Amino acid sequence: MLKGKVSRLVLYNFRESIIRLMWTFVWFIGITILLPNLFSLTINGLSNLRFNLASLDFTIVSVFFLFADAAIFKYDYFKWTIQNGISRHTAWWGKIGGTLLLTAVIVVIDIVETFARGEQLTNLFGLAGHSFGANVANVIQLYIAFLMVSVTGLVVGYMMALLSKRGKAVVIIGVPVVMIVALTYLARALVRARVDWNGVINFIKVVLGYSNQNGTVNLLNGSLIMIVWILVCLGISYLVSQKLRLRRD
């Protein structure tokens, strides 16, 4: 019975996300192609119309959507599930399943876009695959990277769902301001401290498994780091999701 509920929730979340993604593409095309062409048509007539969809980067838009879709509407989703007799545990699994499927779709979009441009699949470090195995490894790492973006959005979304409307407004306005001020002071402090970055760079190279001889990075190292991040984010999002309560605001 529980598996049936989870499956239906997974499909529901996946369908809703795909619909929102399609509308995002419609707005993206409208703003980047249709609107400029409308102005061009008004001023210059038909001679300067351009409809080159290949020039658009749908992958970047999809990745931003992946984070945004995970980060918003979490309270509305929680309220809807509770009102329909669905437990917090089941609702969370339904959201995770939908996220896994949506991430796979974003990976497919990136692959199609890459081949449509006549390019090779690359991993996060810009290394192209020259064999079937290398391409499979690049696709797997890409999926892990996109999933990391999505589960990070889930943490943000569930934490925001704990707040009232006023609390959300304070966080949305206050956090960017605080971060800008903090980063400004941090940058000034680092400049004045004259930190030797060679040690930091060498440590990062060791963590990533960077080879100075051939200039490549060990894909396993980076993937393991992202997997740990994903597991931590999943744990946090689950714990926070179980703390949600219906409220009047």
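The rules behind the values
Residues numbered from 1 in each chain as written. Predicted model: local features only at pLDDT ≥ 70, side-chain atom pairs only at ≥ 80, totals over all residues. Heavy atoms only, no water. Phe/Tyr/Trp six-rings, centres within 6.5 Å; stacked < 30°, edge-to-face > 60°. Helix = DSSP H or I, 4+ residues; strand = E, 2+ residues; numbered from the N terminus. Buried < 20%, exposed > 50% of the residue type's maximum accessible area, 1.4 Å probe, protein only. Salt bridge = Lys/Arg side-chain N within 4 Å of Asp/Glu carboxyl O. Patch = residues over 30% accessible without salt bridge, like charges linked within 9 Å, V, L, I, M, F, W, Y side chains within 5 Å. Areas by Shrake-Rupley, 256 points an atom, 1.4 Å probe, with all protein chains shown as cover. Expected span 1.5 Å × (residues − 1). Axes fitted to C-alpha atoms, helices over the stretch in contact; angles between N-to-C directions. Parallel < 35°, antiparallel > 145°, perpendicular 65-115°, else oblique. Contact = heavy atoms within 4.5 Å. Nonpolar A, V, L, I, M, F, W, Y, C, P; charged D, E, K, R; others polar. Core = buried A, V, L, I, M, F, W, Y, C linked by side-chain atoms within 4.5 Å.

**Considerations on the packing of aromatic side chains**
And step 1. In the structure shown here, the tally under the stated rule is 7 aromatic pairs.
And step 2. Relative to Phe 58, the ring of Phe 25 lies with its centre 5.1 Å away and its plane at 90°, an arrangement referred to as edge-to-face. Placement of the pair is Phe 25 in helix α1 (residues 2-44) and Phe 58 in helix α2 (residues 58-71), with a sequence separation of 33 residues.
And step 3. Phe 25 sits in the buried class, given a relative accessible area of 11%.
And step 4. With centroids separated by 5.0 Å and ring planes inclined at 75°, the aromatic side chains of Trp 92 and Tyr 238 adopt a geometry described as edge-to-face. Here Trp 92, found in helix α4 (residues 88-116), pairs with Tyr 238, found in helix α8 (residues 219-241); they are 146 residues apart in sequence, far enough to count as distant.
And step 5. Here Tyr 238 falls in the partly exposed class, since its relative accessible area comes to 26%.

**Comments concerning the pattern of salt bridges**
Two side chains of opposite charge can pair, provided their charged atoms sit close to one another.
And step 1. Applying the stated criterion to the full structure yields 1 salt bridge.
And step 2. Here Arg 20 and Asp 69 are joined by a salt bridge, their closest N and O atoms 2.7 Å apart. Taken together, the residues span a long stretch of sequence, with Arg 20 in helix α1 and Asp 69 in helix α2 at a distance of 49 residues.
And step 3. A residue is classified by how much of its surface remains accessible, and Arg 20, at 27% relative accessible area, is partly exposed.
And step 4. Look at Asp 69 and you get buried, because its relative accessible area is 9%.

**As for a nonpolar patch on the surface**
And step 1. A cluster of nonpolar residues, Ile 19, Trp 23, Val 26, Trp 27 and Ile 31, forms a patch on the protein surface that exposes about 590 Å² of accessible area.
And step 2. Here Trp 27 is to be found in helix α1.
And step 3. By relative accessible area, Trp 27 is classed as exposed at 61%.

**Section: α8**
And step 1. Taking 1.5 Å of rise per residue, the 23 residues of α8 would be expected to cover 33 Å, and the 32 Å separating its terminal C-alpha atoms lies within 8% of that figure.
And step 2. Within the span of α8, buried status applies to Gly 222, Ser 223, Met 226, Ile 230, Cys 233, Leu 234, Ser 237, Val 240 and Ser 241.

**Some remarks on the packing of α2 against α4**
And step 1. Running from N to C, α2 and α4 point in directions that differ by 170°, and their axes come no closer than 9 Å. When the axes of α2 and α4 are compared, the pair comes out roughly antiparallel. The segment α2 lies against α4, with Phe 58, Thr 59, Ser 62, Val 63, Phe 65, Leu 66 and Asp 69 engaging Leu 102, Thr 103, Ile 106, Ile 109, Asp 110 and Glu 113.
And step 2. Per-class residue counts for the contact of α2 with α4 are 7 nonpolar, 3 polar and 3 charged.

**A few points about the nonpolar core**
And step 1. Membership of the largest hydrophobic core comes to 23 residues, with the highest contact counts inside it found for Val 151, Leu 154, Tyr 158, Ile 230 and Leu 234.
And step 2. Contributions of two or more residues to this core are made by α3 (74-83), α4, α5 (132-161) and α8.
And step 3. Broken down by element, the residue count for this core peaks at 8 residues, all from α5.
And step 4. In this view, Leu 234 contacts Trp 92, Ile 96 and Val 151; residues no more than four positions away in its chain are not counted.

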